[in-house]
Amino acid sequence: MKYSGWPDPGELVVGKIDEIEDFGVFVDLEEYEDKRGLIHISEVASGWIKNVRDHVREGQIVVCKVLDVDEGSQQIDLSLKDVNDHQRSDKIQEWKNEQKADNWMELAFGEEIADEDYTAIANELIAIHGGLYEGFKQAAIHGDEALDDTDLDDDEIASIVETARENVSVPYVNVTGYVDLENPTETGVDGIREALEAAEGNGEVPEEVDLEVSYVGAPEYRITVRAPNYKTAESQLEESAQRAVAAIEGHGGAGEYHRERRTDDE
């Protein structure tokens with residue numbers, strides 16, 4: 001995916017060197033549609049330059065800083081020397097990540113997706129998460145909740161979440177479920193408390209997993225699991241709910257596990 005419009009002064013952009021002249025270097029911007037910039041010879045490197053080709057080559061991928069944009073004359077002035085090694089490394093990684101996310105969009109919606117549909121979905125992710133890659137990453141970590149503030153429909157959200165969880169490598173994922181606990185017997189609150197302790201694992205939850213149970217509104221309790229991967233998180237979530245239900249039923253009460261929240265107010 002390439003952006004329409006123009007980059008902003010001060011922005012870092014990725015480009016491919018297209019043409020080298022004695023006075024400077026022409027660069028095709030990889031992230032913008034049909035945009036080309038010029039690196040004046042004075043902005044190629046610090047100090048005096050005898051031959052521009054000693055510093056750059058045609059076809060080279062570079063990271064440049066945008067110095068000025070003149071839309072009227074279709075001119076973008078760039079600097080190569082104003083970008084340090086750290087900025088260059090971070091920007092290249094960001095660009096590569098966005099290319100990955102571009103491929104994930106095709107996996108999620110097919111190669112035949114119409115350009116306008118692709119753009120509409122991509123813009124929703126960019127608006128909420130700042131980029132395609134970050135949108136998929138958050139979907140892998142938080143699931144549907146990461147896309148709650150978008151205008152995407154349920155099928156689009158499901159496709160993004162499924163693709164993200166199959167392709168995005170993340171340090172952890174979060175999943176959430178709910179369990180209803182009711183205990184009209186004489187053990188009352190004590191029975192509920194025991195069921196909640198069971199849900200929390202009684203100290204037997206794996207070290208790499210964080211599990212928290214919180215009150216939503218009678219009779220509903222939220223179970224939040226943070227784990228290294230989606231499979232582990234889902235497994236621990238279901239086991240937590242099953243422990244709670246078994247515990248409350250042991251007191252003669254009733255329990256039910258469900259993935260979506262039912263209580264309107266916190």
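Conventions and cut-offs
- Residues numbered from 1 in each chain as written.
- Predicted model: local features only at pLDDT ≥ 70, side-chain atom pairs only at ≥ 80, totals over all residues.
- Heavy atoms only, no water.
- UniProt positions renumbered as here; feature names shortened; annotations may be inferred.
- Helix = DSSP H or I, 4+ residues; strand = E, 2+ residues; numbered from the N terminus.
- Rg over C-alpha atoms; globule rule 2.2 N^0.38 Å.
- Buried < 20%, exposed > 50% of the residue type's maximum accessible area, 1.4 Å probe, protein only.
- Contact = heavy atoms within 4.5 Å.
- Lys, Arg positive; Asp, Glu negative; His and termini not counted.
- Charge placed at Lys NZ, Arg CZ, Asp CG, Glu CD.
- Axes fitted to C-alpha atoms, helices over the stretch in contact; angles between N-to-C directions.
- Parallel < 35°, antiparallel > 145°, perpendicular 65-115°, else oblique.
- Left-handed = near helix turned anticlockwise from the far one by under 90°.
- Nonpolar A, V, L, I, M, F, W, Y, C, P; charged D, E, K, R; others polar.
- Salt bridge = Lys/Arg side-chain N within 4 Å of Asp/Glu carboxyl O.

As recorded in an unreviewed UniProt entry, the chain goes by Translation initiation factor 2 subunit alpha and comes from Natrinema altunense. On record in UniProt, under Function (unreviewed entry), the comment for the chain is "eIF-2 functions in the early steps of protein synthesis by forming a ternary complex with GTP and initiator tRNA." Note on the chain: under the UniProt heading Subunit (unreviewed entry), the record states "Heterotrimer composed of an alpha, a beta and a gamma chain."

1. Here we look at the overall build of the chain
Helix and strand counts for the chain come out as six helices and nine strands. Rg of the C-alpha trace for the chain: 26 Å, well past the compact-globule value of 18 Å for 266 residues, more than 25% over. Expressed along its principal axes, the backbone C-alpha trace of the chain runs to roughly 90 × 40 × 30 Å. A burial count over the chain gives 41% of its 266 residues as buried. The long-range fraction of contacts in the chain, counting pairs at least 24 apart against all pairs at least 6 apart in sequence, stands at 62%. Counting 23 positive and 65 negative side-chain charges, the chain places the averaged centre of each group 9 Å from the other.

2. Here's the deal with the packing of helix α1 (residues 85–109) against helix α2 (residues 115–129)
Viewed as axis vectors pointing N to C, α1 and α2 meet at an angle of 120°, and their least axial separation amounts to 12 Å. When the axes of α1 and α2 are compared, the pair comes out oblique. Between α1 and α2 lies a crossing whose hand is right-handed. Between α1 and α2, the residues in contact are Asp 102, Met 105 and Phe 109 and Tyr 118, Ile 121, Ala 122 and Leu 125, respectively. Along the lines of polarity and charge, the residues of the contact of α1 with α2 split into six nonpolar, no polar and one charged.

3. Re the pattern of salt bridges
Under the defined criterion, the tally for this structure stands at nine salt bridges. Its salt-bridge partner being Asp 85, residue Arg 88 comes within 2.7 Å of it at the nearest N-O pair. Of the two residues, Arg 88 and Asp 85 are both situated in helix α1; the distance of three residues between them amounts to about one turn of the helix. Judged by its relative accessible area of 29%, Arg 88 is partly exposed. We note a salt bridge from Glu 94 to Lys 91, for which the minimum N-O separation is 3.2 Å. A residue pair is termed a helical-turn pair when its members lie 3 or 4 positions apart in one helix, as Glu 94 and Lys 91 do in helix α1 at three residues. Under the relative-accessibility criterion, Glu 94 is labelled partly exposed at 43%. Given a relative accessible area of 7%, Lys 91 falls into the buried group.

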